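The lines below spell out each chain.
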Amino acid sequence: MENNNILSKLQSIQQEIVVEKSRYSNGYFYRSLEDIFAGLKPLLLKHKVTIVLSDDLIEGQIMKGICKIICVESNESIEVCSFAGIDTNANKILGQAFG
């Protein structure tokens, strides 16, 4: 019997997804967000899960990114967030400041 628990679905998706590092820049191969979503979309449909992405600017210099994963069948969800510093003068992400 299939387990419809959101964690089981997420685990299955993580095991099944394969996204090659097919892009190249400055001596490094990488995968873009578009590449990841192209590989992810069929698995989301297969496992009846959807993803909602959002962001929020906090105190003018910190960007909070939020990803909510929702099971379409049960409405069960998991939410995670990340933070990045924003240089408001140059409109750049301050990766070194936030790791």
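As the structure is a prediction and not an experimental result, all values here were calculated from the model.

Trainee: Whenever I open this one, the nonpolar core confuses me. Can you help?
Mentor: Considering soluble globular proteins, one finds that nonpolar side chains tend to be buried as a cluster. Within the largest apolar cluster, 9 residues are counted, these being Ile-6, Ile-13, Leu-40, Leu-43, Leu-44, Val-49, Cys-67, Ile-69 and Cys-71. Listing elements by their share of this core, those giving two or more residues are helix H1 (6-16), helix H2 (33-46) and strand S4 (62-71). Each residue touching Cys-67, except ones within four places of it in the same chain, is listed here: Ile-51, Val-52, Leu-53, Ile-78, Glu-79 and Val-80.

Trainee: Explanation requested: the pattern of salt bridges in the structure shown.
Mentor: In total, this model carries 4 salt bridges according to the counting rule given. The partner of Asp-35 in a salt bridge is Arg-23, and the shortest N-O contact between them spans 2.8 Å. Of the two residues, Asp-35 is situated in helix H2 and Arg-23 in strand S1 (residues 23-25); the sequence distance between them amounts to 12 residues. Residue classification places Arg-23 among the partly exposed positions, given a relative accessible area of 34%. Notably, a salt bridge pairs Lys-48 with Glu-73, separated by 3.5 Å at the nearest N-O pair. Of this pair, Lys-48 sits in the loop between H2 and strand S3 (49-58) while Glu-73 sits in the loop between S4 and strand S5 (77-87); the two residues are 25 residues apart in sequence, bridging distant segments of the chain.

Trainee: What's the story with unusual backbone geometry in this structure? I'm lost.
Mentor: A negative phi angle is the norm for most residues apart from glycine, just as the trans form is the norm for most peptide bonds. In this structure, Lys-48 is a non-glycine residue whose phi angle is positive, near 55°. Look at Lys-48 and you get partly exposed, because its relative accessible area is 42%. One non-glycine residue with positive phi stands out, namely Asn-75, at about 65°. Among the structural elements, Asn-75 can be located in the loop between S4 and S5.

Trainee: Please clarify how the pairing of S3 should be interpreted in this entry.
Mentor: The two faces of the sheet receive side chains in turn, since in a regular strand these alternate between them. In terms of strand pairing, S3 meets S4 through 10 bridges, oriented antiparallel. Bridge pairing in S4 places Ser-54 opposite Ile-66. As consecutive antiparallel partners, S3 and S4 are separated by 3 residues, and within that stretch Glu-59 has a phi angle of approximately 55°, a positive value.

Trainee: What is the right way to read the side chain of Ser-32 from this model?
Mentor: One can find Ser-32 in the loop between strand S2 (28-30) and H2. Given the relative accessible area of 10%, Ser-32 is considered buried. A distance of 3.1 Å separates the side chain of Ser-32 from the side chain of Arg-23, its partner in a polar contact.

Trainee: Honestly, the environment of Ser-77 in this entry has me stumped. Any pointers?
Mentor: Structurally, the position occupied by Ser-77 is in strand S5. Considered as a pair, Ser-77 and Ile-51 are 26 residues apart in the sequence and their alpha carbons are 9.5 Å apart. The residues touching Ser-77, leaving out its near neighbours within four places in the chain, are Lys-68, Ile-69 and Ile-70.

So, how was this worked out
Residues numbered from 1 in each chain as written. Predicted model: local features only at pLDDT ≥ 70, side-chain atom pairs only at ≥ 80, totals over all residues. Heavy atoms only, no water. Core = buried A, V, L, I, M, F, W, Y, C linked by side-chain atoms within 4.5 Å. Buried < 20%, exposed > 50% of the residue type's maximum accessible area, 1.4 Å probe, protein only. Helix = DSSP H or I, 4+ residues; strand = E, 2+ residues; numbered from the N terminus. Contact = heavy atoms within 4.5 Å. Salt bridge = Lys/Arg side-chain N within 4 Å of Asp/Glu carboxyl O. Pairing = 2+ DSSP bridges. Polar contact = N/O pair within 3.5 Å; in protein donor to acceptor, adjacent residues only side chain to side chain.

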